[in-house]
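Chain and residue survey
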Amino acid sequence: TSLVSAVPAQVDNSTLAAFPPIGNQGSLWSCVSWATVYYQMSHEVCLTLWCDNKNTTATRFSPKWAYNMVNFGQNAWSYFSDNYSLIQTSGAPSLDELPYDSNYLSWDLNADHWKKAVNYRQNPVSYIAMGSTSGIDLAKQALANGHILVVGTYISSAIYSTVQNAPGETSPFAGQSVITYLNGTSGWHAMTVVGYDDSIWTDINGNSVVDTGERWAFKVANSWWAGWRNAWYIWVTYDAFYSTSQVPGFAPAGRWPFGYNGTNSLYLTSYTQKSRPILAKVTVSHASRSQMSLSCGISPNTSNTPTSYFYPSALSYKWGSYAFNGSSTETPGTFYYDLTDIITGTSTIDNSILYLMGYDNSTGNPLTVTSFEIIDGITG
């Protein structure tokens, strides 16, 4: 039995005001940051705030912000978990504030960007396991509710077909490109699922009959050049997400599901507008950001040991052996963190002790802490 009975037959969230214009990652391996930060975060924030990403730019978020902090100091792919952790703990500035370019080493050292970014911290990510009717139904429900989803795949192993007119029907998408399955694990890539259409048909088994598993496809956005496939987009059949095709008589050797790495999941996040952040403002310097880590803590003022901790993803031992500006010379940086999550219940600034903990795991290149302040995000 389907878990979803009242969703529309077609959904295209790329047409919503919340969805930003398609972008191009260029020569960098920044697809995960484009999918999670530029497309999904921009869309989810505007879905909550009712803003218009089609015609205004203030809430189109910068993929450079995330990519430069999670790529380990090299032009290489990054982890979904690191991108999501960063925008969950620190948010992101807009693309206006931090334009995208080919520099993949330097961090954003504009302190005002960090302060503003925490207002857009994302909610924790959740996962939709695909490859079953229930997973596809849940994905459709999320899309019907206005959300968009992120998927990792092996795009160089994609097998393409063409959308066709089913017998007695005329499809407005006939002739467009559609992925029917993967035949391997080459070309790891992140993309963004923006909708679906239950009328799509392609004759997967080649018998000229509309068989089980041949209908229905998701609409997926890319971050490549405009001439790619369906002008930035591609259809992916529901059947492509199954480990074993549901189409009669279709069992190609070496088949892989469309979702990445056997987990075959879609990533879902959302945004809730924050009310009154309590900010930690920290100024530190170091010549090797991968050697250092910062965290914050809180305890009652009757104690001198933290009872709760906040671990910002941005400074956690692993972002390349460079200074904050991408050079090899010790560079200062001023960072803001929202401590609201650990100042809960009866805790307030007045009855608590707030802590900054700085760690350095190697000799040489010492970590220097210049200042640590706690600031009311409303009154300043």
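Here, every reference points to the structure presented above.
A brief report on the enclosed structure follows. (Residues numbered from 1 in each chain as written. Predicted model: local features only at pLDDT ≥ 70, side-chain atom pairs only at ≥ 80, totals over all residues. Heavy atoms only, no water.)

1. So, the overall build of the chain
- Within the chain one finds five helices and 15 strands.
- Whereas a compact globule of 380 residues would reach a radius of gyration of roughly 21 Å, the chain reaches 23 Å, a difference of no more than 12%.
- Projecting the C-alpha coordinates of the chain onto the three principal axes gives extents of approximately 75 × 45 × 35 Å.
- Put simply, of all contacts in the chain between residues at least 6 apart along the chain, 77% involve residues at least 24 apart.
- In the structure as shown, the chain presents an accessible area of about 15400 Å², 51% of it carried by carbon and sulfur atoms. (Helix = DSSP H or I, 4+ residues; strand = E, 2+ residues; numbered from the N terminus. Rg over C-alpha atoms; globule rule 2.2 N^0.38 Å. Contact = heavy atoms within 4.5 Å. Areas by Shrake-Rupley, 256 points an atom, 1.4 Å probe, with all protein chains shown as cover.)

2. A look at the environment of glutamine 141
- Mapped onto the elements of the fold, glutamine 141 is located in helix H5 (residues 133–144).
- Put simply, glutamine 141 and alanine 6 are 135 residues apart on the chain and 8.9 Å apart in space, counted from C-alpha to C-alpha.

3. Section: the state of the cysteines
- All chains considered together, the criterion is met by one disulfide.
- Between the sulfur of cysteine 46 and that of cysteine 51 lies a disulfide, 2.0 Å long from S to S. Handedness of the cysteine 46-cysteine 51 disulfide follows from its S-S torsion of about -110°: it is left-handed.
- Judged by relative accessible area, which is 2%, cysteine 46 ranks as buried. (Disulfide = S-S within 2.5 Å. Buried < 20%, exposed > 50% of the residue type's maximum accessible area, 1.4 Å probe, protein only.)

4. Observations concerning the sheet that holds strand E10 (residues 278–286)
- Strand order across the open sheet formed by three strands is E13-E10-E15, with antiparallel pairing between neighbours. Looking at which strands have only one partner, the edges of the open sheet turn out to be strand E13 (331–338) and strand E15 (368–376). Each neighbouring strand pair of the sheet contributes to a mean axis angle of 15°, computed without reference to strand direction.
- As defined by bridge partners, E10 adjoins E13 across eight bridges and the pair is classed as antiparallel. Looking at E13, one finds that serine 285 is bridged to proline 332. (Pairing = 2+ DSSP bridges. Axes fitted to C-alpha atoms, helices over the stretch in contact; angles between N-to-C directions.)

5. Here's the deal with the packing of helix H1 (residues 31–49) against helix H2 (residues 63–70)
- Contact pair H1 / H2: the axes reach a minimum separation of 8 Å and the direction vectors enclose 140°. Judged by the angle between their axes, H1 and H2 are oblique. Where H1 crosses over H2, the handedness of that crossing is right-handed. When H1 is examined against H2, the residues Ser33, Trp34, Val37 and Tyr38 are found in contact with a partner set consisting of Pro63, Ala66, Tyr67 and Val70.
- The residue makeup of the contact of H1 with H2, split by class, is seven nonpolar, one polar and no charged. (Parallel < 35°, antiparallel > 145°, perpendicular 65-115°, else oblique. Left-handed = near helix turned anticlockwise from the far one by under 90°. Nonpolar A, V, L, I, M, F, W, Y, C, P; charged D, E, K, R; others polar.)

6. Regarding the sheet that holds strand E11 (residues 292–300)
- Taken together, the three strands give an open sheet; going across it, the order is E12-E11-E14, and neighbouring strands pair in antiparallel fashion. Single-partner strands in this sheet number two, and they are strand E12 (308–310) and strand E14 (352–360). Taking each pair of neighbouring strands and ignoring which way they run, the sheet shows an average axis angle of 25°.
- Sheet topology places E11 next to E12; three bridges connect them, and they run antiparallel. The residue bridging cysteine 296 from the neighbouring strand is phenylalanine 310, located in E12.

7. Section: unusual backbone geometry
- A positive phi angle, near 50°, is found at alanine 231, a position not held by glycine.
- Here alanine 231 is to be found in the loop between strand E7 (215–221) and strand E8 (233–237).
- The backbone of asparagine 365 shows a phi angle near 50°, a positive value even though the residue is not glycine.
- For asparagine 365, the position within the fold is in the loop between E14 and E15.
- The exposure class assigned to asparagine 365 is partly exposed, which follows from its relative accessible area of 37%.

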